[in-house]
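Each chain, letter by letter, is given below.
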Amino acid sequence: MHPRDQTIFALSSGRPPSAIAMVRVSGAEAGAVLAALAGKTAAPRTATRVLLRGADRQPIDDAVALWFPGPASATGEDVAEFHVHGGRAVLAAMFAALGSFENLRPAEPGEFTRRGFENGKLDLTEAEGLDDLIHADTDRQRRQALRQLKGLLGDRVRNWRAQTIEASALIEAGIDFSDEGDVPGELIVPALAKIKTLLSEIEEVLAAEGQSERLRDGLVVAIAGPPNVGKSTLINQLARRDVAIVSPHAGTTRDVIEVQLDLDGYPVTVIDTAGIRETDDPVEQEGVRRARARAAEADLVLWLADAAIEPTHDGGAPVWLVRNKIDLVVGRPAGGDEAPARMEFRISARRGDGLPELISALVGFARDYFGAGEAGLIGRARQRKLLQETAASLRRSVDVVGKGEELAAEELRAAAHSLGRLLGRVDVEDVLDVIFREFCVGK
Ligand SMILES: Nc1nc2c(ncn2[C@@H]2O[C@H](COP(=O)(O)OP(=O)(O)OP(=O)(O)O)[C@@H](O)[C@H]2O)c(=O)[nH]1
Ligand SMILES: [Mg+2]
């Protein structure tokens, strides 16, 4: 039997042990599996209490089962759900029982969603939204993913695709008429008007989106500077836990240490790096190399320096100068300075002075970086690229229509094709594997 036609099963809830675990079965055998394990059938879409038994008829668990006959199910196939106690031994017994059925196998990552996609339950932008929702760490990421999952982009794209096909039909009708005199103009004028409206709608979405797909990946802030200035102390303060070792010994940090922060709903990755200096120690040299590489890739560098010493720092991407250990010097108070050319802060990472100002400046930076306001319609680079291709084809169709309707029709077909790819309607086997591989098992 082809793997696609086999019935699949997986743990769809989190890592055991847990109070309750949810095991999902999807495919032609799901009903038979439910009947065999539970010893009875369950009414559709109704929670039914069942005593599950394995092949040896020994009880596995006292559970709740749900029966979703296809096509009115998440995958479009017959689906059985088992809500069992989330102990490792319970799940091991469950999987042993499921594995003993013929034509049943464990699901691949994302395979339930992929089957839903293949059965027309959701389009590709919605599937991407679903994956993003599962991986959303912050509230803004959640909202953006939910908009995709609810099909906000998909609905627009479907509409654009229908309009493109209509415009192309008008132009092709013009081609058929062209032997018979002046008819084409009557068809081409409305077609052109349609294309221009479409193009301006797509361009508007592309322009408004600015940075919204960045929200998926987050903003990277690197803490860098000479050894012993308090970089690790600062990352611990920002993370509010001890992620990095702090010591008075210069050259303590060697590896790059990362923490994920939620700054006002914006996902921010802060990295602590080895103090940058010339050294003979090969391990520290490697640490310095990694520190430089990560700081070079970061979206923002916090260059830490001792408050008492005049610092030097690399240029390049935005660099904020953060003078630490102000508790050791008398004079100016903590806080932020919008000094003429660059941002400058004075903090005590150990005592916490100046940290609120630094954090609120980081939130402001994140707000600019991600674009203010509600997240946009485009969630991924894949979607943006296809929309750009669509706009380019539409633009070319307007340009070439005077030279020949066939050329314009060809460009419109290309535009419809790009939109179809966006939805996953055409030509997508290559991207499907990539997209669904990123999913969790059980989804
Ligand atoms: N007085 C004072 N000491 C601090 C402050 N911040 C850090 N320190 C001390 O400075 C020393 C070095 O701190 P670390 O956080 O390990 O410095 P680092 O920049 O990570 O050092 P390397 O990893 O070696 O590059 C430790 O003894 C800290 O307790 C501060 O604001 N005031
Ligand atoms: Mg350190």
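These figures come from a predicted structure and were not determined experimentally.

Novice: Help me get a handle on the pattern of salt bridges, residues and values and all.
Specialist: Summed over the entire model, instances satisfying the criterion amount to 31 salt bridges. Its salt-bridge partner being R140, residue D264 comes within 3.9 Å of it at the nearest N-O pair. Linking D264 in the loop between β8 (257-263) and β9 (266-272) with R140 in helix α5 (residues 139-149), this pair joins segments that are 124 residues apart in sequence. For R367, the salt bridge identified is with D264, shortest N-O distance 3.5 Å. In this pair, R367 sits in helix α11 (residues 355-370) while D264 sits in the loop between β8 and β9, placing the two residues 103 residues apart along the sequence. Assessed through its relative accessible area of 36%, R367 is described here as partly exposed. D264 sits in the partly exposed class, given a relative accessible area of 43%. What emerges from the salt-bridge pattern is a single network uniting E128, D131, D132, R380 and R382.

Novice: Outline the sheet that holds strand β2 (residues 18-26), listing residues and values.
Specialist: Through backbone hydrogen bonds, the strands of a sheet pair up, either in parallel or in antiparallel fashion. What the 6 strands build is an open sheet, ordered β3-β4-β5-β2-β1-β6; its pairing is mixed. With one partner strand each, in any of the chains shown, β3 (48-53) and β6 (104-106) form the two edges of the open sheet. The sheet shows a mean angle of 30 degrees between the axes of neighbouring strands, direction not considered. For β2 and strand β5 (residues 79-86), the ladder comprises 8 bridges, and the chain directions are antiparallel. Each residue of the ladder has a partner; that of S18, found in β5, is G86. Packed on one face of the sheet, helix α2 (residues 88-99) meets β1 (7-11), β2, β3, β4 (59-68), β5 and β6 and runs near 150 degrees to β5.

Novice: Break down the coordination of the magnesium ion (ligand 2) for me, with residues and values.
Specialist: Looking at the magnesium ion (ligand 2), the protein donor atoms are S232 (OG) and T253 (OG1), and they sit 2.0 to 2.1 Å from it. Taken as a pair, S232 in helix α9 (residues 231-239) and T253 in the loop between α9 and β8 lie far apart in primary sequence, 21 residues in all. For the pair formed by S232 and T253, the shared burial category is buried.

Calculation criteria
- Residues numbered from 1 in each chain as written.
- Chains lettered and ligands numbered in written order.
- Predicted model: local features only at pLDDT ≥ 70, side-chain atom pairs only at ≥ 80, totals over all residues.
- Heavy atoms only, no water.
- Salt bridge = Lys/Arg side-chain N within 4 Å of Asp/Glu carboxyl O.
- Helix = DSSP H or I, 4+ residues; strand = E, 2+ residues; numbered from the N terminus.
- Buried < 20%, exposed > 50% of the residue type's maximum accessible area, 1.4 Å probe, protein only.
- Pairing = 2+ DSSP bridges.
- Axes fitted to C-alpha atoms, helices over the stretch in contact; angles between N-to-C directions.
- Contact = heavy atoms within 4.5 Å.
- Donors = N, O, S within 2.8 Å, 3.2 Å for Na, K, Ca; no water.

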